Amino acid sequence: MLGKISKKIGITKTEIKILLFILSVFVLGFAYKTFFIRTDEVQFKVYDYTEEDEKFYGVKTNSISNDSVNSKLDLNDFKNEVLDFDSKNFKEYTKKVTPKEKSINLNTASVSELINLPGIGEKTAQRIIDYRKQIKKFTNVNQLLNVSGIGDSKLNKIKKFVYLN
């Protein structure tokens, strides 16, 4: 019988046996779940985290009233300690303003002007000025390639914003 079925379907006898085994396991599993597992008795676990909370806050809540706990433990202190940000760093942060095209003269620009160029930070701006002092004056924009930290891609980004006088 399996030989006739395998010829009609186009699969081997072994493959048919495997399919029948998988199908029988599925039917048995479905029958077991349906008839033998009771779903009406679901038990929920309730966890009590008060002991762990006491360890975190360092006090026993059952021996101290809630008012004294609040007076001894200021939760804002914990938040400030965890989120210890130095707010002056945020106040000093200024967003770069992209300059207009051909608006920065390489031979007279200061560090603060050069910082506004895309990809140029404070150190690279200082290196540009140091290199300018070394060569006396820029004669070609491509001389920026001699500055450490400036490559072809960075030069292509800043070329349109600088000019020589």
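Quick caveat: nothing in here was measured; it's all calculated off a predicted structure. (Residues numbered from 1 in each chain as written. Predicted model: local features only at pLDDT ≥ 70, side-chain atom pairs only at ≥ 80, totals over all residues. Heavy atoms only, no water.)

**What to know about the overall build of the protein**
Part 1 of the reasoning: Along the backbone of the protein there are nine helices and two strands.
Part 2 of the reasoning: Taken from N to C terminus, the helices and strands of the protein fall in the order α-α-α-α-α-α-β-α-α-α-β.
Part 3 of the reasoning: Sequence-distant contacts in the protein: of pairs separated by 6 or more residues, those separated by 24 or more amount to 40%.
Part 4 of the reasoning: Summed over all atoms, the accessible surface of the protein reaches about 13900 Å², with 56% contributed by carbon and sulfur. (Helix = DSSP H or I, 4+ residues; strand = E, 2+ residues; numbered from the N terminus. Contact = heavy atoms within 4.5 Å. Areas by Shrake-Rupley, 256 points an atom, 1.4 Å probe, with all protein chains shown as cover.)

**Some remarks on a nonpolar patch on the surface**
Part 1 of the reasoning: Taken together, the side chains of Ile18, Phe21, Ile22 and Val25 make up a nonpolar region of the molecular surface, amounting to roughly 400 Å² of accessible area.
Part 2 of the reasoning: With respect to the helices and strands, the residue Val25 is situated in helix H2 (residues 13-36).
Part 3 of the reasoning: Take Val25: its relative accessible area is 43%, and that puts it in the partly exposed class. (Patch = residues over 30% accessible without salt bridge, like charges linked within 9 Å, V, L, I, M, F, W, Y side chains within 5 Å. Salt bridge = Lys/Arg side-chain N within 4 Å of Asp/Glu carboxyl O. Buried < 20%, exposed > 50% of the residue type's maximum accessible area, 1.4 Å probe, protein only.)

**Comments concerning the nonpolar core**
Part 1 of the reasoning: Core analysis: the biggest nonpolar cluster contains 19 residues, and Leu114, Leu117, Ile120, Ile128, Leu144 and Ile150 have the highest contact counts within it.
Part 2 of the reasoning: Among the elements of the structure, helix H8 (122-135) and helix H9 (152-158) are those that each provide at least two residues to this core.
Part 3 of the reasoning: Looking at this core, the element that brings in the most residues is H8, giving four residues.
Part 4 of the reasoning: The residues contacting Ile150, other than those within four sequence positions of it, are Ile120, Thr124, Ile128, Leu144, Leu145 and Leu155. (Core = buried A, V, L, I, M, F, W, Y, C linked by side-chain atoms within 4.5 Å.)

**Here we look at the pattern of salt bridges**
Part 1 of the reasoning: Applying the stated criterion across every chain, the model contains one salt bridge.
Part 2 of the reasoning: When the shortest N-O distance is used, the salt bridge between Glu51 and Lys55 registers 4.0 Å. Here Glu51 and its partner Lys55 are both found in helix H3 (residues 50-57), four residues apart, which amounts to about one turn of the helix.

**So, the packing of helix H1 (residues 2-9) against H2**
Part 1 of the reasoning: In the contact formed by H1 and H2, the axes pass within 9 Å of each other and the chain directions differ by 100 degrees. By the angle class used here, H1 and H2 are roughly perpendicular. When H1 is examined against H2, the residues Leu2, Gly3, Ile5 and Ser6 are found in contact with a partner set consisting of Lys13, Ile16, Lys17 and Leu20.
Part 2 of the reasoning: Of the residues in the contact of H1 with H2, the class split is four nonpolar, two polar and two charged. (Axes fitted to C-alpha atoms, helices over the stretch in contact; angles between N-to-C directions. Parallel < 35°, antiparallel > 145°, perpendicular 65-115°, else oblique. Nonpolar A, V, L, I, M, F, W, Y, C, P; charged D, E, K, R; others polar.)

**Considerations on the environment of Asn107**
Part 1 of the reasoning: Structurally, Asn107 is set in the loop between strand E1 (104-105) and helix H7 (111-115).
Part 2 of the reasoning: Residue class for Asn107 comes out buried when judged on its relative accessible area of 16%.
Part 3 of the reasoning: Separated by 56 residues in sequence, Asn107 and Tyr163 have C-alpha atoms that sit 8.6 Å apart.
Part 4 of the reasoning: Non-local contacts of Asn107, meaning those with residues more than four positions away in its chain, are made with Arg132, Lys137, Phe138, Leu164 and Asn165.
Part 5 of the reasoning: Polar side-chain contacts of Asn107 include one of 3.5 Å to the backbone oxygen of Asn165. (Polar contact = N/O pair within 3.5 Å; in protein donor to acceptor, adjacent residues only side chain to side chain.)

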